[in-house]
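Each chain, letter by letter, is given below.
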Amino acid sequence: MLFLLHRPLQEARSMPPTSAPSPRARVRRAPSRADYDRATIDAILDEGLVAHLGFAVDGQPYVIPTLHARSGDVVYVHGSAASRMVRTLAAGTPACLTVTLLDGLVLARSAFHHSMNYRSVVVLGQARLVEGDAERRGALRLFTERLVPGRWDEVRPPTRQELKGTQVLALALDEASAKVRRGGPVDEDEDHALDVWAGVVPLALERGTPEPDERLRPGIAASAAVDGWAATADRRAA
Ligand SMILES: Cc1cc2nc3c(=O)[nH]c(=O)nc-3n(C[C@H](O)[C@H](O)[C@H](O)COP(=O)(O)OP(=O)(O)OC[C@H]3O[C@@H](n4cnc5c(N)ncnc54)[C@H](O)[C@@H]3O)c2cc1C
């Protein structure tokens, strides 16, 4: 605190948060890997394509994989109005949403110290059923746009019936934590003398070549959104 007082106010304000937003969101195991900065949390949520949503029904926990989309301070999930996940969360049942990005396999000299490099986020809270028409439509657009930017405008919009059957839930990012592991294996000092290869095998999710649907009518032009997205991603990777 004293340290911060000696800094210019602007700089102190822009420091990322170093403490958890709540006691239950504080990373206790390997706390040096914790990161509560929203920029880190947002980046992981935005890169991850799959979230796992945890909730308990009658004392039985369920962890369900699902698509998610962040907008500002909330993360949206959606599903059929008939889904247990949606009905349970809409009723205010406490939820835990997790997104995990796997960056590498960490191969140590001992079995015990094998690990993974990762970036993960855990969000705790109660979801809110999105009822306003504009927010609902905005979230549905986001689910499509975050897969392939520009895709929403290429495709048929949802019908009234499709909209009716889809519920959207919003989970605030008030209680979120990130945990990040980077780097090589952390071996015991004496194990460095072993004749065993150790290191990291990087892992990444790769986009393949688009495969046209078998019922695609002849003469249908390629998707500008898909081509543009692929070109942008390639430029970023170069
Ligand atoms: C790909 C991957 C593989 C992993 N493999 C293992 C493994 O094999 N064994 C193992 O013990 N651990 C593993 N971890 C770490 C694991 O996610 C937990 O952080 C760890 O097990 C500690 O759990 P805990 O309940 O004791 O955490 P605590 O530190 O007690 O959790 C307290 C709070 O910290 C936050 N938190 C905890 N873990 C995370 C996280 N990963 N990301 C964001 N916030 C978090 C949550 O809000 C939680 O409520 C792995 C993580 C990833 C992403």
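Residues numbered from 1 in each chain as written. Predicted model: local features only at pLDDT ≥ 70, side-chain atom pairs only at ≥ 80, totals over all residues. Heavy atoms only, no water.

## Observations concerning the packing of aromatic side chains
Line of reasoning, step 1. Throughout the structure, instances matching the rule amount to one aromatic pair.
Line of reasoning, step 2. The lysine or arginine in question, Arg 84, covers the ring of Tyr 62, its NZ or CZ lying 3.6 Å from the ring centre.
Line of reasoning, step 3. Positioned over the ring face of Trp 229 is Arg 207, at 5.5 Å from the centre of the ring. (Phe/Tyr/Trp six-rings, centres within 6.5 Å; stacked < 30°, edge-to-face > 60°. Lys NZ or Arg CZ within 6 Å of the ring centre and 35° of its normal.)

## Structural notes on the environment of Arg 128
Line of reasoning, step 1. The topology assignment puts Arg 128 in strand E8 (residues 128–129).
Line of reasoning, step 2. Measuring from C-alpha to C-alpha, the distance between Arg 128 and Ala 172 comes to 8.5 Å, with 44 residues separating the pair along the chain.
Line of reasoning, step 3. With residues near it in sequence (within four places) discarded, Arg 128 still touches Val 74, Glu 135, Val 168, Leu 169 and Ala 170. (Helix = DSSP H or I, 4+ residues; strand = E, 2+ residues; numbered from the N terminus. Contact = heavy atoms within 4.5 Å.)

## Quick word on the confidence of the model for the protein chain
Line of reasoning, step 1. Mean pLDDT over the protein chain: 91, with 93% of residues reaching 70 or higher.
Line of reasoning, step 2. Counting interchain partners and residues more than four positions distant, the pLDDT-below-50 stretch residues 1–13 has three contacts. (pLDDT = per-residue confidence, 0-100.)

## Some points on the nonpolar core
Nonpolar side chains in soluble globular proteins tend to end up buried together.
Line of reasoning, step 1. Ranked by size, the top nonpolar core spans 24 residues in total, and within it Ile 44, Leu 45, Leu 53, Leu 89, Leu 97, Val 121 and Val 123 carry the most contacts.
Line of reasoning, step 2. Contributions of two or more residues to this core are made by helix H3 (38–47), strand E2 (51–57), strand E5 (74–80), helix H4 (84–90), strand E6 (94–107), strand E7 (115–126), strand E9 (166–172) and strand E10 (175–181).
Line of reasoning, step 3. Here this core gets four residues from one element, more than from any other, and that element is E6.
Line of reasoning, step 4. Residues within four places of Ile 44 in sequence aside, it is in contact with Val 99, Leu 101, Arg 119, Ser 120, Val 121, Ala 178 and Val 180. (Core = buried A, V, L, I, M, F, W, Y, C linked by side-chain atoms within 4.5 Å. Buried < 20%, exposed > 50% of the residue type's maximum accessible area, 1.4 Å probe, protein only.)

## Some details on the pairing of E10
Line of reasoning, step 1. The buried fraction of E10 amounts to seven of the seven residues, a majority that puts the element mostly inside the structure.
Line of reasoning, step 2. Because side chains alternate across E10, one face comprises the buried residues Glu 175, Ser 177, Lys 179 and Arg 181, and the other comprises Ala 176, Ala 178 and Val 180, equally buried.
Line of reasoning, step 3. Pairing of strand E1 (residues 34–35) with E10 involves two bridges; the strand directions are antiparallel. Considered in E10, the bridge of Ala 34 is made with Lys 179. (Pairing = 2+ DSSP bridges.)

## Quick notes on the site of the ligand
Line of reasoning, step 1. The local shell around the ligand holds 15 residues, among which Arg 28, Arg 29, Ser 120, Ser 177 and Lys 179 are the closest.
Line of reasoning, step 2. A distance of 2.6 Å is found between an oxygen atom of the ligand and a backbone nitrogen or oxygen belonging to Arg 28.
Line of reasoning, step 3. Separating a nitrogen atom of the ligand from a side-chain N or O atom of Ser 177 is a distance of 2.8 Å.
Line of reasoning, step 4. Calculation on the ligand without its partners gives an accessible area of 870 Å², and the protein chains cover 55% of this total.
Line of reasoning, step 5. Every element with two or more residues in the shell around the ligand is listed here: E6, E7 and E10.
Line of reasoning, step 6. Looking at the shell around the ligand, its residues break down into seven nonpolar, three polar and five charged. (Near = heavy atom within 4 Å. Polar contact = N/O pair within 3.5 Å; in protein donor to acceptor, adjacent residues only side chain to side chain. Areas by Shrake-Rupley, 256 points an atom, 1.4 Å probe, with all protein chains shown as cover. Nonpolar A, V, L, I, M, F, W, Y, C, P; charged D, E, K, R; others polar.)

## What about helix H7 (residues 224–237)?
Line of reasoning, step 1. Taking 1.5 Å of rise per residue, the 14 residues of H7 would be expected to cover 20 Å, and the 20 Å separating its terminal C-alpha atoms lies within 8% of that figure.
Line of reasoning, step 2. Residues of H7 that are buried: Ala 225, Val 226 and Ala 230. Down the axis of H7, the buried set is contained in an arc of 125 degrees. They therefore lie on one face. Facing away from the buried side of H7, by more than 90 degrees, are the exposed residues Ala 224 and Arg 235.
Line of reasoning, step 3. The residue sitting at the N-terminus of H7 and contributing the capping side-chain oxygen is Ser 223; that oxygen lies 3.3 Å from the backbone nitrogen of Ala 225. (Expected span 1.5 Å × (residues − 1). Arc of directions from axis to C-beta.)

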